[in-house]
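Chain by chain, the residues run as shown.
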Amino acid sequence: MAVQPNSAFSWIKSSYSGGNGACVEIAVPTAAAIAVRDSKDPEGPRLTFDNSSWRHFVSDVAGGAFDAA
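Residues numbered from 1 in each chain as written. Predicted model: local features only at pLDDT ≥ 70, side-chain atom pairs only at ≥ 80, totals over all residues. Heavy atoms only, no water.

Draft legend 1. Structural view of the packing of aromatic side chains. Enumeration according to the criterion identifies four aromatic pairs in this entry. Geometrically, the ring pair formed by Phe9 and Trp11 is tilted, given 6.1 Å between the ring centres and 45° between the ring planes. In this pair, the class of Phe9 matches that of Trp11, namely buried. Ring pairs connect the aromatic residues Phe49, Trp54, Phe57 and Phe66, which therefore count as one cluster. (Phe/Tyr/Trp six-rings, centres within 6.5 Å; stacked < 30°, edge-to-face > 60°. Buried < 20%, exposed > 50% of the residue type's maximum accessible area, 1.4 Å probe, protein only.)

Here's what the structure looks like:
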């Protein structure tokens with residue numbers, strides 16, 4: 001998905017963020033994309049996902065797919 005994320009987006013942190021600075025932020029640059037960045041490096045690299053990929057990722061996280069063993 002070719003979206004150029006920038007600082008002008010409305011970036012938000014998860015309500016689950018602990019405030020320790022190790023957070024990710026998301027933005028919704030278009031109706032068909034989700035952008036993700038590291039809150040410690042707001043001008044650094046960003047990833048962009050289509051809605052289907054993001055929905056699957058969030059579902060996997062909620063289901064414990066990435067929990068430490």
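Draft legend 2. Summary view of the layout of surface pockets. In this structure, the largest pocket spans a volume of roughly 260 Å³. In terms of lining residues, the largest pocket is bounded by Ile12, Lys13, Ser14, Tyr16, Ser17, Gly18, Asn20, Ala22, Cys23, Val24, Glu25 and Ile26. Listed by contribution, the elements that provide at least two residues to the lining of the largest pocket are β1 (12–13) and β2 (24–30). For the lining of the largest pocket, the element with the most residues is β2, which contributes three residues. Looking at the lining of the largest pocket residue by residue, the classes come out as six nonpolar, four polar and two charged. (1 Å grid on protein atoms, 1.4 Å probe; cavity = no way out; pocket = protein on both sides within 12 Å on 5 of 7 lines; lining within 4 Å. Points joined across faces, edges and corners; volume = space filled by probe spheres on them. Helix = DSSP H or I, 4+ residues; strand = E, 2+ residues; numbered from the N terminus. Nonpolar A, V, L, I, M, F, W, Y, C, P; charged D, E, K, R; others polar.)

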